[in-house]
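Survey of secondary and tertiary structure
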Amino acid sequence: MDVNVGVSGIPLSAKGSDTGAGLRVLKELGLDFMEIQFSRNIYLNPDSARTVGNIAKELGIGLTCHASYYINLASQKIEVQEASIKRIVDTLRIAEVLGAKLIVVHAGYYSGRSHEEAYDIIKSNIDAIGVKCPSKVKIGIETMGKQKSFGSVDEIIRLCNDCPNTVPVIDFGHVHVREFGSIKTVCDFTSIFERFKDEVGLDEFHVHMSCMKHANGNEISHLPLESFDPDFRLMAKSIRNNGYKCSVVCESPLMEHDALLFKSWLKS
Ligand SMILES: [Zn+2]
């Protein structure tokens with residue numbers, strides 16, 4: 001089975017240490033992967049990023065990056081759009097130094113626009129990033145868990161077909177809450193994987209995993225996997241049954257504990 005399982009950020013058991021030490025802890029635990037969190041700021045400079053990239057390579061730990069939370073490519077304010085483009089470009093550049101294969105981006109909010117208008121603006125800003133910063137690192141556009149956020153499954157599929165510098169990031173918890181608790185069976189997971197496979201031509205998936213506290217189609221907070229909402233044992237079964245190649249980033253508050261739990265579900 002070709003599944004990499006990892007965590008979002010420095011593991012809890014390495015808290016207070018640097019990214020390199022976090023990578024060594026992941027290796028010792030038997031995890032495969034780190035999504036480096038630049039969600040508040042890009043805390044590595046090119047030199048430290050090169051060092052972290054080399055440690056990851058030496059340990060055989062895969063890397064991706066999560067871009068800033070302060071991105072809104074569809075803002076009504078042009079200066080916010082421009083700052084968002086800059087944040088994505090800066091993240092792409094540091095990701096290249098790290099040797100990361102993609103950066104994860106929350107594209108933005110509808111911001112009082114129609115969904116169609118928000119789509120057009122986000123698409124043209126992503127195209128502008130492709131011109132400004134041609135990169136082999138892909139921009140991973142995440143499915144989002146709030147009604148006001150751009151990022152339904154349909155929108156992500158459409159955008160990733162329209163913009164060659166993007167790939168989908170499937171956050172199943174977000175899809176679940178956005179669709180008012182829609183994921184209840186193995187088939188529900190499989191049909192989402194299959195849509196991305198058939199409609200985007202994906203043969204490798206980047207997946208975010210966390211249970212969710214939610215209400216009225218909106219995410220409130222992340223919960224451990226053993227709250228089973230949605231039930232990721234079913235995702236493990238879907239991956240196993242269909243042999244999907246994927247990288248699964250555990251975003252549960254229990255981080256590496258839940259990443260290892262998920263690994264055990266993949267085997268059982
Ligand atoms: Zn995210």
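Refer to the structure above for everything that follows.
Residues numbered from 1 in each chain as written. Predicted model: local features only at pLDDT ≥ 70, side-chain atom pairs only at ≥ 80, totals over all residues.

1. A few points about the overall build of the protein chain
Selection rule: Each helix is a run of DSSP H or I of at least 4 residues and each strand a run of E of at least 2, with the numbering of both proceeding from the N terminus. The atom set for the radius of gyration is the C-alpha atoms, and the globule formula is 2.2 Å times the number of residues raised to the power 0.38. Using C-beta atoms placed from the backbone, we call a residue buried if 20 or more other C-beta atoms fall within 10 Å of its own, exposed if 12 or fewer do, and partly exposed for counts in between. For the purpose of contact definition, each residue receives a C-beta atom placed from its backbone, and two residues are in contact when these atoms lie within 7 Å.
A count of helical and extended segments in the protein chain gives nine helices and ten strands. Compactness check: the protein chain gives a C-alpha radius of gyration of 17 Å against a globular reference of 18 Å for 268 residues, within 12% of the reference. If one aligns the C-alpha atoms of the protein chain with their principal axes, the spans along those axes are about 45 × 45 × 30 Å. Expressed as a percentage of the 268 residues in the protein chain, the buried residues total 46%. In the protein chain, 78% of the contacts between residues at least 6 apart in sequence involve partners at least 24 apart.

2. Description of the nonpolar core
Put simply, the rule reads: Think of a nonpolar core as buried Ala, Val, Leu, Ile, Met, Phe, Trp, Tyr and Cys residues chained together by C-beta atoms that fall within 7 Å.
Counting 76 residues, the largest nonpolar core has Leu98, Ile103, Val105, Cys250 and Phe262 as the members making the most contacts within it. Not counting chain neighbours up to four residues away, the residues in contact with Phe262 comprise Val5, Met209, Leu225, Phe232, Ala236, Val248 and Cys250.

3. Brief notes about the sheet that holds strand β5 (residues 138-142)
Under the convention used in this document: Two strands are said to pair when DSSP picks up at least two bridges between them. Helix axes are fitted to C-alpha atoms over the stretch in contact, other axes to C-alpha atoms as well, and angles between N-to-C directions run from 0 to 180 degrees.
With respect to topology, eight strands assemble into a closed barrel ordered β1-β2-β3-β4-β5-β6-β7-β10, the strand pairing being parallel. Looking at each pair of strands side by side, their axes are set apart by 30 degrees on average, direction ignored.

4. Some details on the packing of helix α1 (residues 19-29) against helix α2 (residues 46-59)
Formally: Throughout this description, any angle smaller than 35 degrees is read as roughly parallel, any larger than 145 degrees as roughly antiparallel, any in the 65 to 115 degree range as roughly perpendicular, and the remainder as oblique. Under the grouping applied here, Gly and all other residues not named as nonpolar or charged are polar, the nonpolar ones being Ala, Val, Leu, Ile, Met, Phe, Trp, Tyr, Cys and Pro and the charged ones Asp, Glu, Lys and Arg.
Packing of α1 against α2 leaves a shortest axis separation of 9 Å and a crossing angle of 10 degrees. Judged by the angle between their axes, α1 and α2 are roughly parallel. Across from Thr19, Gly20, Leu23, Arg24 and Lys27 in α1, the residues of α2 making contact are Thr51, Val52, Ile55, Ala56 and Leu59. Split into classes, the residues belonging to the contact of α1 with α2 amount to five nonpolar, three polar and two charged.

5. Notes on the environment of Leu26
With respect to the helices and strands, the residue Leu26 is situated in helix α1. Here the alpha-carbon distance between Leu26 and Ser13, two residues 13 residues apart in the chain, equals 9.4 Å. Dropping the residues within four chain positions of it, Leu26 is found in contact with Gly6, Val7, Pro11, Leu31, Met34 and Ile61.

6. Side note on helix α4 (residues 115-132)
Selection criterion: Working rule for helices: expected span equals 1.5 Å times residues minus one. Each C-beta atom gives one direction from the helix axis, and the arc is the one those directions make.
For α4, built from 18 residues, the straight-helix expectation of 26 Å at 1.5 Å per residue is met to within 8% by its first-to-last C-alpha distance of 26 Å. Turning to α4, its buried residues number three or more, namely Ala118, Ile122, Asn125, Ile126 and Ile129. All buried residues of α4 lie within an arc of 100 degrees about the axis, which places them on one face of the element. For α4, the exposed residues set more than 90 degrees away from the buried face come down to Glu116, Ser124 and Val131.

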